[in-house]
Amino acid sequence: MSLRTGLLVLFWALAATSSHHAWAQQPELPVVSAAKPVVRDIVEDDEFVGRFEAVDEVAIRSRVSGYLAEVHFRDGAVVNKGDLLFTIDQRPYQAAYDAAKSQVDVASSLTQFATSQLERAESLASSGNLAASVLDDRRRESLSAQAQLQGANAALRNASLDLEFTEIRAPISGRIGRRLVSAGNLVQPDSTLLTTVVAWDPIDFYFDIDERTYFSYARDARERGGTMQEGSNNLDVVVRVADRNEAVFKGKLDFAENRLDNASGTMRVRARFDNKDGVLQPGMFGRINVPGSLPHRGILVPDAAIGADQDRRIVFVLDDTGTVSTKPVRTGPNLDGYRVIREGLTGDETIVVNGLMRVRPGVKVKAEMVTLPPKAETAE
């Protein structure tokens, strides 16, 4: 082998070794999962915290004074309108009624006598056998007797009402509370609280919205052919309560106040729910979801695909070469396990959905493409 040939062989050997080391030292590309955003027609939901209140609630008090004679209900029972709840000692009022009735009988007999006297006087006066002054006296006596009869009848009606008020009945149907006064105690009219009755089916849910939300809801209500104050044309809503099974109850929006509160700048809104099984109770808190938009084309991404850059929300986008870049986005509510993207994406991008800790702008990655289902598994 000549010297020149040996040098060439040595050169190629060194070059091959250097190339092998360079290839061996080249870092592998980070592996991430990428996907296209879910794009479909959506209706955005807004969530508010509110409280259930009874449609009707009545504090039961007596209209007459007296000693409580009987209690006719069991604490916490369901009562119907007109059911007898309490009885006040009726004996004084029965005696007053009997006395008033006797006064009516007396006044009625006096009226009959005065009437007959007037008729006789009118007959005699027409034949000239009775002075006109006597006829006037008989007419006055008749009118006085009629007035006394009217007064006696009024006193009888008043005594009848008092006797009727000794039986305290349920003014509405609902669930009654506990008795606050036991039998034998003195009850004062219009002041002594005996118990309460609350209507439990249906039940109302009240929550507050701010001024900006009101404008959006009012605009959508007009598109639906209704008004916000009349419930946005019975808009369907759902509410969740603090239950370990995350129970969901369906209802309808049916009312909003006619003005905003000056102090808080909010408006109170009401939804009504069926409550035939009585699970929902007045005073209970809940989280209500209200459709916050009309149906529109929405872009949905998993929450895991959204990163943070100081006070901005960003997603990592891949181009055709696998190079990473960022796009700032404005997020909306959570829907079917995804986050609504209101601004920043068109829906045609390829975004990183898993492995955000391994990427940064300008870096190339190896993307494993996945397909996002229409609804995330966590939403089921």
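Look above for the structure.
Note that the structure is a prediction, hence the values are computed from the model and not measured.

Here is what the cut-offs are and how they apply
- Every chain's residues receive numbers from 1 upward, in the order its sequence appears when written.
- Reporting of local features is limited, given that this is a predicted model, to residues whose pLDDT is at least 70; pairs of side-chain atoms are given and counted only at 80 or more, and all residues count toward the totals for whole chains, interfaces and linings.
- With hydrogens and water set aside, each side-chain value is computed from the structure's full complement of heavy atoms.
- For two strands to be treated as a pair, DSSP must find at least two bridges joining them.
- Labels follow the DSSP assignment, with helices taken as runs of H or I lasting at least four residues and strands as runs of E lasting at least two, numbered in each case from the N terminus.
- For Phe, Tyr and Trp, rings pair up if their centres lie within 6.5 Å, where Trp contributes its six-membered ring, and each pair is then called stacked (planes under 30 degrees apart), edge-to-face (over 60) or tilted (otherwise).
- Buried residues are those whose accessible area, probed at 1.4 Å on protein chains only, stays under 20% of the maximum for their type, while exposed residues exceed 50% and partly exposed ones sit between those limits.
- Placement of a positive charge over a ring is assigned whenever Lys NZ or Arg CZ falls within 6 Å of the ring centre and within 35 degrees of the normal to the ring plane.

Enquirer: Outline the sheet that holds strand S9 (residues 174-176), listing residues and values.
Expert: Spatially, the four strands line up as an open sheet ordered S4-S11-S9-S6, and their pairing is antiparallel. If you trace the sheet from one side to the other, it starts and ends with strand S4 (57-61) and strand S6 (78-79), each paired once. Looking at chain direction, S9 and strand S11 (residues 193-198) are connected through two bridges and run antiparallel. Directly across from Ile176, in S11, lies its bridge partner Val197.

Enquirer: Can you break down the sheet that holds strand S10 (residues 186-187) residue by residue, with the values?
Expert: Read from one edge to the other, the open sheet built from four strands follows the order S8-S7-S5-S10, with strand pairing classed as antiparallel. Because the sheet does not close on itself, it has two edges, and the strands there are strand S8 (167-169) and S10. Note: strand S5 (residues 66-71) against strand S7 (residues 84-88), three bridges, orientation antiparallel. Across the sheet, the residue bridging to Leu68 is Ile88, located in S7.

Enquirer: I'd like a description of the packing of aromatic side chains, backed by residues and values.
Expert: The description of an aromatic ring pair uses the distance of the two centres, along with the angle that the planes make with each other. Evaluation of the coordinates by the stated rule reveals eight aromatic pairs. Both rings, one in Phe73 and one in Phe86, keep their centres 5.2 Å apart while their planes meet at 80°; by these two values the pair is edge-to-face. With Phe73 in the loop between S5 and S6 and Phe86 in strand S7, this residue pair connects regions lying 13 residues apart in the sequence. Overall, the relative accessible area of 9% leaves Phe73 in the buried class. What makes Phe86 buried here is its relative accessible area of 0%. Taking 6.2 Å as the distance between ring centres and 40° as the angle between the ring planes, the aromatic pair formed by Phe205 and Phe207 counts as tilted. Under the relative-accessibility criterion, Phe207 is labelled buried at 3%. Taking NZ or CZ as reference, Arg179 lies 5.7 Å from the ring centre of Phe73, over its face.

Enquirer: Explain the pairing of strand S20 (residues 324-335) to me, and be specific about the residues and the numbers.
Expert: Of the pairings in the sheet, the one linking strand S19 (residues 312-318) to S20 comprises six bridges and is antiparallel in character. Bridged to Val317 within S20 is Ser325. Counting the residues between successive antiparallel strands, the hairpin from S19 to S20 contains five residues, one of them, Gly322, with a positive phi of roughly 85°. When S20 meets strand S21 (residues 338-343), the two strands line up antiparallel, connected through four bridges.

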